[in-house]
Every structure is written in C-alpha cells, then in structure tokens.
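# What the coordinates show
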Amino acid sequence: MKKIKIFIVCFSALIIFALQLPAQENEGHKPFDREAFTAKRNAYITEQVGLTATEASVFIPLDNELMQKKFEVGRECHRLERELKKREKDGKTDAEYNKLLKCREEVKEKRDKLDKEYLEKFKKILSAEQIVKYQSADRAFFDEFVRDRKK
C-alpha cells in the first residue's frame, strides 16, 4: 500500500512537471499577432499624422501593402539567419556568413527601392509635412513595440 502511494505521488509530480515545461518555454515570449500589430500601428499612424478619414482610407491600405512587400523581401534572409543561429558554432563557415551578409545587403537595397517607389505614391495622397510625420510615427511605433515585447 505504501509503495502505491509513493508511486502515485511520484507519477503526479511527473505529470505536473511535464505540464509546466511548455508554459516555461513560452514564458516572457508572447506569440506575434500580425493583425493586432497592424491594427495598432494603423491607428497610431492615423492619430499621429492627423489623417482624415478620407486620407486614411487611401493611405493606410497603401502603407500596409508596402509593409507586406518589405516583409516578403526579407523572408528568405530571415530564414537563412535562423538556420545559421540554430547550428553549432563550429559548424558555421565563412561562406555561410558571407551569404547572409550578401542577402542582408540585397534586402536593404530592395527595401530602399520600395521606400522610394512608395514615397512617390504617398506624395499623391499626403503633404510633405504629413509624410515626415508618418515616417517619425512609424519609427516611434516600432521602437515602442520592441520595448513592450522585451518586457
């Protein structure tokens, strides 16, 4: 009878420990909700730039399109970086690091080209002052987002 009680206590402790492991792995790391991020960002930019409903209805979808294109441009580079981080330190080569550097450079160039292309589109919707406010608001929102994610 005593052995059964000890077995039950040990088994229960093992189950409780096993159930807590997934919770500890995610502790401090919130899953990314793209839709919530986009909604918050859109509201923040609309408010900070002082967009009218008409301006927002034209500008925000265009800005979201730009953000999506920038994300897609960087996707392959992020994948390469994750793969490199996962591997052991000894198994990484200069060629792999050079490939990542080249990828980052290409992504930066493509994103800069997208920024230039969309700036011309933004100029048809917003004033120069509003565009500058948008750029500042976009940076401020991202900085705030990163700070909140680290908490």
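In this section: the environment of V49. Tracing the sequence through the fold places V49 in helix α2 (residues 34-49). Considered as a pair, V49 and Y134 are 85 residues apart in the sequence and their alpha carbons are 5.7 Å apart.

For the rest of this paragraph, the subject is the packing of aromatic side chains. Under the criterion given, the structure shown has seven aromatic pairs. Put simply, the rings of F37, Y44, F141 and F145 pair up and form one aromatic cluster. The ring centre of F71 lies 4.0 Å from the NZ or CZ of R34, which sits over that ring. Of note, K121 hangs over the ring of Y118, and the distance from its end group to the ring centre comes to 4.4 Å.

Another point: the confidence of the model for the protein. Confidence in the prediction for the protein averages 83 pLDDT; 79% of positions are at 70 or higher. Looking over the protein, one finds the lowest element-wise mean pLDDT in helix α1 (residues 2-26), namely 44, and the highest in helix α4 (residues 94-123), namely 95. Contacts for the low-pLDDT stretch residues 4-26, under 50 throughout, to residues beyond four places or in other chains number zero contacts.

Quick look at helix α3 (residues 53-86) now. The end-to-end C-alpha distance of α3 is 46 Å, a good match for the 50 Å that 34 residues give at a rise of 1.5 Å each. At R75, α3 shows its largest bend, some 40°. Regarding α3, the residues found buried are E55, A56, F59, I60, L62, D63, L66, K70, G74, C77, L80 and L84. In this fold, the buried residues of α3 make contact with α2, α4 and α5 (128-150).

Take the nonpolar core next. I45, L51, F59, F122 and Y134 are the most contacted members of the largest nonpolar core, which has 15 residues in total. Secondary-structure elements contributing two or more residues to this core are α2, α3, α4 and α5. For this core, the element with the highest residue contribution is α3, accounting for five residues. I45 has contacts with G50, F59, I60, D63, Y134, A137 and D138, leaving out every residue within four places of it along the chain. The next biggest cluster of nonpolar side chains, apart from the first, holds six residues, and it includes C77, L80, L100 and V107.

Attention now goes to the packing of α3 against α4. Where α3 contacts α4, the axes come no closer than 9 Å and their chain directions differ by 175°. Judged by the angle between their axes, α3 and α4 are roughly antiparallel. Looking at the contact of α3 with α4 residue by residue, the classes come out as 15 nonpolar, two polar and 13 charged.

A separate point is α2. Over its 16 residues, α2 extends 22 Å from the first C-alpha to the last, a length consistent with the 22 Å expected when each residue adds 1.5 Å. Three or more residues of α2 are buried, namely F37, R41, N42, I45 and V49. The arc that holds every buried residue of α2, seen down its axis, measures 130°, which confines them to one face. For α2, exposure combined with an orientation more than 90 degrees from the buried face picks out E35, K40 and E47. On its buried face, α2 is in contact with α3 and α5.

Tracing the sequence through the fold places E55 in helix α3. As a buried residue without a salt bridge, E55 has its nearest oppositely charged side chain in K133, at a separation of 10.0 Å. Polar contacts involving the side chain of E55 include one to the main-chain amide nitrogen of T52, which spans 2.9 Å. Other than its neighbours up to four places away in sequence, E55 contacts G50, I60, I125, L126 and Q130.

Conventions used here
- Every chain is numbered on its own, with residues counted from 1 as its sequence reads.
- Only residues with pLDDT of 70 or above have their local features reported here, since the model is predicted, and side-chain atom pairs are shown and tallied only from 80 upward, although totals for entire chains, interfaces and linings are computed over all residues.
- With hydrogens and water set aside, each side-chain value is computed from the structure's full complement of heavy atoms.
- Each helix corresponds to a stretch of at least 4 residues labelled H or I by DSSP, and each strand to a stretch of at least 2 residues labelled E; elements are numbered beginning at the N terminus.
- Pairing of aromatic rings covers Phe, Tyr and Trp, the last through its six-membered ring, and needs centres within 6.5 Å; plane angles under 30 degrees mean stacked, over 60 mean edge-to-face, and all others mean tilted.
- Any Lys NZ or Arg CZ that is within 6 Å of a ring centre and within 35 degrees of that ring's normal is treated as a charge sitting over the ring.
- Looking at any residue, its pLDDT shows the predictor's confidence there, from 0 to 100.
- Here, two residues are considered to be in contact whenever any of their heavy atoms come within 4.5 Å of each other.
- By this rule, a helix spans an expected 1.5 Å times one less than how many residues it contains.
- Bend, in this description, refers to the angle at a residue between axes fitted to the seven residues ending there and the seven starting there.
- Residue burial is assigned from relative accessible area. The probe radius is 1.4 Å, only protein chains are included, and a residue is buried under 20% of its type maximum, exposed over 50%, and partly exposed in between.
- By convention a nonpolar core is built from buried Ala, Val, Leu, Ile, Met, Phe, Trp, Tyr and Cys residues, the set being connected through side-chain atoms within 4.5 Å.
- Orientation is described by lines fitted to C-alpha atoms, with helices fitted over the stretch in contact, and by angles between N-to-C directions that extend from 0 to 180 degrees.
- Orientation is classified from the angle alone, with under 35 degrees giving roughly parallel, over 145 giving roughly antiparallel, 65 to 115 giving roughly perpendicular, and any other angle giving oblique.
- Under the grouping applied here, Gly and all other residues not named as nonpolar or charged are polar, the nonpolar ones being Ala, Val, Leu, Ile, Met, Phe, Trp, Tyr, Cys and Pro and the charged ones Asp, Glu, Lys and Arg.
- By construction, the arc corresponds to the directions joining the helix axis to the C-beta atoms.
- In summary, the charge assignment counts Lys and Arg as positive and Asp and Glu as negative, without counting His or the chain termini.
- Basic side-chain nitrogens of Lys or Arg form a salt bridge, by our definition, when they fall within 4 Å of a carboxyl oxygen of Asp or Glu.
- Pairs of N or O atoms within 3.5 Å make up the polar contacts considered here, provided that, within protein, one atom can donate a hydrogen while the other can accept it, and that residues adjacent in sequence are counted only when both atoms are side-chain atoms.

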